[in-house]
Amino acid sequence: MAEPLITSTILGGDRLELAAAGTWTADCAADLEGLVDAAVAQAKQARAVAINMGNVERLDTFGAWLLERLVRDFSTEGRAINVVGLPDRYNHLVNEAHRANRKQPEQQGADIVESAAKMIRRTFWLMLRDILMFVQMFGQLVVAVGRVASRPKTFRFTSMVHHLDHIGWKAVPIILLITFLIGCIIAQQGIFHFRKFGADAYVVDMVGILVLRELGVLIVAIMIAGRSGSSITAELGSMKMREEVDALQTMGLDTVEVLILPRVLALVIALPALAFLGSMAALYGGGMVCWLYGGMSPEIFLSRLQEAISLDHFEVGISKAPVMALVIGIIASIEGMSVKGSAESLGLQTTSSVVKSIFLVIVLDGVFAIFFAAIGK
Amino acid sequence: MTMLQPANKNIIEVRDNIIEVRDVVVSLNDRLILNKLSLDVYRGEVLGFVGGSGLGKTVLMRTIIGLLPKVSGTIKVFGVDLGTCTEEQRHAIERRWGVLFQQGALFSSLTCIQNVQFPMREYLHLSQRLKDEIAIFKLEMVGLKPDVRDKYPAELSGGMIKRVALARALSLDPEIVFLDEPTSGLDPIGAGNFDELVRTLQQTLGLTVYMVTHDLDSLHAICDRIAVLSDGKVIVEGPVETMLESEHPWVKEYFRGKRSRAAGAAAAHA
């Protein structure tokens, strides 16, 4: 394969003759581009340019385009340009290149302030849209519940049980394990630090209140947002991608009633149950550590626990669970339904579903804390 | 290169074969799909490969381009045996062919122009300006407007996806293009335009086209030669006339059935 070549000869002051040779193909395109640019730079003074393509061995679209670019660059300043000796078999291709790239794409404005303002505006609208979509989905769910309540036979009971199995029952081992470990860690830290000022008996109060009021439900809600929220988004999203959702709609079925309601209800039932199990596991873990590490016998732990906590703490904790479940379910469904055609979009929405629902769960926990403090519970 | 004057008035050249398939055996899940199949594809022709559904048309194509393993036999592309060549030789050959998959197989996370540039980015070290210009040139060659450049595949219609996929297959100016059912899923007008496009590009760029198809119109309109697959072998090959004269029952049914006569009449009119 011969290297591409452009040799230039200056004839009589303002006339330039270029002789092209070698292969003008994709493999040599990088070198060729340099040669073309050099030739254009060299021919600043020339009035008339002739390009002899007679010695070119091979030419493909890359070569044809670079020839076209050479011609265009020369002719910008009204110079006469002449291509000679082009083998007939390449005429088609060169003509094709001559027609190409005529419309320049619009240049985007590169003003930093303007683009930043644009981004802020966009983010603001997106947030507003998120809030509206949340309210809309909540409304649709309420309507669907109302409709199902008036005609209980239309409720997808089997579907709900199936999701309850996935979201609730199958999550039990991992939830128990994690909350157990969290209980152990809190108790260990409490004993270690409280012992310094002789207050290690109060570890039981701390573990009991913290687990029942806050951590039990919060940890479980975050776990479920990651585990089940993401899977709901992915399920709905891939059904949306493959037009299954559209198919349901054309059959006259309500997607919220058929697809979303069973999932959200399953979440609302499963999350309090899991939160209860999780809290018990955490207390158990705390008790174990108090016994083995802190030297407090289980009998003492239990009786102290009975003194330290009241039913109020448990009620505060568990009453948050269904609300958090509802938020997780609504976010997961909204994100799933906004999946577009591509695989990338599915991944994006799943991520955003998990991030948003975990964020909202934590914010909601804060709101609840303020609320319960205000009503004195 | 010798010129032969055959019985009919077409002039047939004895040409170098760019793909040479000899006695290839392929089995999938213990089912014999291709049984000692042999086929030649000549430089500069459009070969249409037909056969019943599920009999292995796509299997042969995928075996040639190396996506499926073969049990025995040899496949030579550009005179190089793909079974025994080195990794470098293989990469060099892969650069010289382009493949259009049935569903387009565009990368969904890249825009159209990025899809077309993808092979260039991997194989050639070009300036971004040249890559942009060439990619738009290719998109225009396949009949798309430059404003599709920044769209994602999900935003395109089926016909446009096929065109962008074709532009990507042609990205590195290959010598052979494999087309897997290029007109399936297109309406008859779109399919006709696509046939025309393939023909024009084939002539402009001097391509060799290997086309797996079901579309009788494509066979009539653009194929120089047709090979028919049945029972794991090529049973008939030749131009459309040969197909029409064949007495093999499947070929007879296929090319002289009701639908085929309509396509033939349309091609004769055109």
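Structure report, in brief. (Residues numbered from 1 in each chain as written. Chains lettered and ligands numbered in written order. Predicted model: local features only at pLDDT ≥ 70, side-chain atom pairs only at ≥ 80, totals over all residues.)

**Thoughts on the overall build of chain B**
Turning to step 1, where the next piece is worked out: Summing up its helical and strand segments, chain B has 10 helices and 12 strands in all.
Turning to step 2, where the next piece is worked out: Here the analysis covers contacts within chain B between residues at least 6 apart in sequence; of these, 64% occur between residues at least 24 apart. (Helix = DSSP H or I, 4+ residues; strand = E, 2+ residues; numbered from the N terminus. Contact = placed C-beta atoms within 7 Å.)

**Section: the overall build of chain A**
Turning to step 1, where the next piece is worked out: If you tally the helices and strands in chain A, you get 12 helices and four strands.
Turning to step 2, where the next piece is worked out: A separation threshold of at least 6 residues defines the contact pool for chain A, and within that pool the share at least 24 residues apart is 84%.

**Details of the sheet that holds strand β11 (residues 225–230) of chain B**
Residues and elements named next belong to chain B.
Turning to step 1, where the next piece is worked out: The six strands lie next to each other as β8-β9-β10-β5-β11-β12, forming an open sheet whose pairing is mixed. Among the strands making up the open sheet, the edge pair consists of β8 (97–100) and β12 (233–238). In this sheet, neighbouring strand axes are inclined to one another by 15 degrees on average, regardless of whether the strands run parallel or antiparallel.
Turning to step 2, where the next piece is worked out: Contacts from helix α5 (residues 158–169) reach β8 and β9 (176–180), with the element oriented near 165 degrees to β8. (Pairing = 2+ DSSP bridges. Axes fitted to C-alpha atoms, helices over the stretch in contact; angles between N-to-C directions.)

**Some thoughts on unusual backbone geometry**
Residues and elements named next belong to chain B.
Turning to step 1, where the next piece is worked out: You will see that D23, though not glycine, has its phi angle at about 50 degrees, which is positive.
Turning to step 2, where the next piece is worked out: Here D23 is to be found in strand β3 (residues 17–28).
Turning to step 3, where the next piece is worked out: Residue D23 is classed as partly exposed on the basis of its 13 C-beta neighbours within 10 Å.
Turning to step 4, where the next piece is worked out: Even without being glycine, D173 reaches a positive phi, approximately 55 degrees.
Turning to step 5, where the next piece is worked out: With respect to the helices and strands, D173 occurs in the loop between α5 and β9.
Turning to step 6, where the next piece is worked out: Its 25 C-beta neighbours within 10 Å are what place D173 among the buried residues. (Buried ≥ 20, exposed ≤ 12 C-beta atoms within 10 Å, placed from the backbone.)

**Topic: helix α12 (residues 343–374) of chain A**
Residues and elements named next belong to chain A.
Turning to step 1, where the next piece is worked out: The terminal C-alpha atoms of α12, which comprises 32 residues, lie 47 Å apart, in line with the 46 Å expected from a rise of 1.5 Å per residue.
Turning to step 2, where the next piece is worked out: Among the residues of α12, L346, Q349, T350, S353, V354, K356, S357 and V361 are the ones counted as buried.
Turning to step 3, where the next piece is worked out: Packed against the buried residues of α12 are α7 (203–241) and α11 (311–337).
Turning to step 4, where the next piece is worked out: Two residues or fewer past α12, G376 is found with a positive phi of approximately 75 degrees. (Expected span 1.5 Å × (residues − 1).)

**Points about the packing of helix α2 (residues 61–75) of chain A against helix α3 (residues 91–99) of chain A**
Residue and element names in this part refer to chain A.
Turning to step 1, where the next piece is worked out: Contact geometry for α2 and α3: axes closest at 9 Å, N-to-C directions at 55 degrees. Here α3 runs oblique to α2, going by the angle between their axes. When you trace α2 past α3, the crossing you get is right-handed. Note on element contacts: α3 touches α2 through L93, V94, A97 and H98, opposite T61, A64, W65, L67 and E68.
Turning to step 2, where the next piece is worked out: Here the residues of the contact of α2 with α3 are counted per class, giving six nonpolar, two polar and one charged. (Parallel < 35°, antiparallel > 145°, perpendicular 65-115°, else oblique. Left-handed = near helix turned anticlockwise from the far one by under 90°. Nonpolar A, V, L, I, M, F, W, Y, C, P; charged D, E, K, R; others polar.)

**Some remarks on the interface of chain B and chain A**
Turning to step 1, where the next piece is worked out: Each partner contributes residues to the interface: chain B has 24 residues there, and chain A has 22 residues.
Turning to step 2, where the next piece is worked out: Mapped onto the side of chain B that touches chain A, the elements with two or more residues apiece are α4 (128–141) and α6 (188–205) of chain B.
Turning to step 3, where the next piece is worked out: Examining the composition of the side of chain B that touches chain A, we find that eight residues originate from one element, α4(B), more than from any other.
Turning to step 4, where the next piece is worked out: Looking at the side of chain B that touches chain A residue by residue, the classes come out as 13 nonpolar, six polar and five charged.

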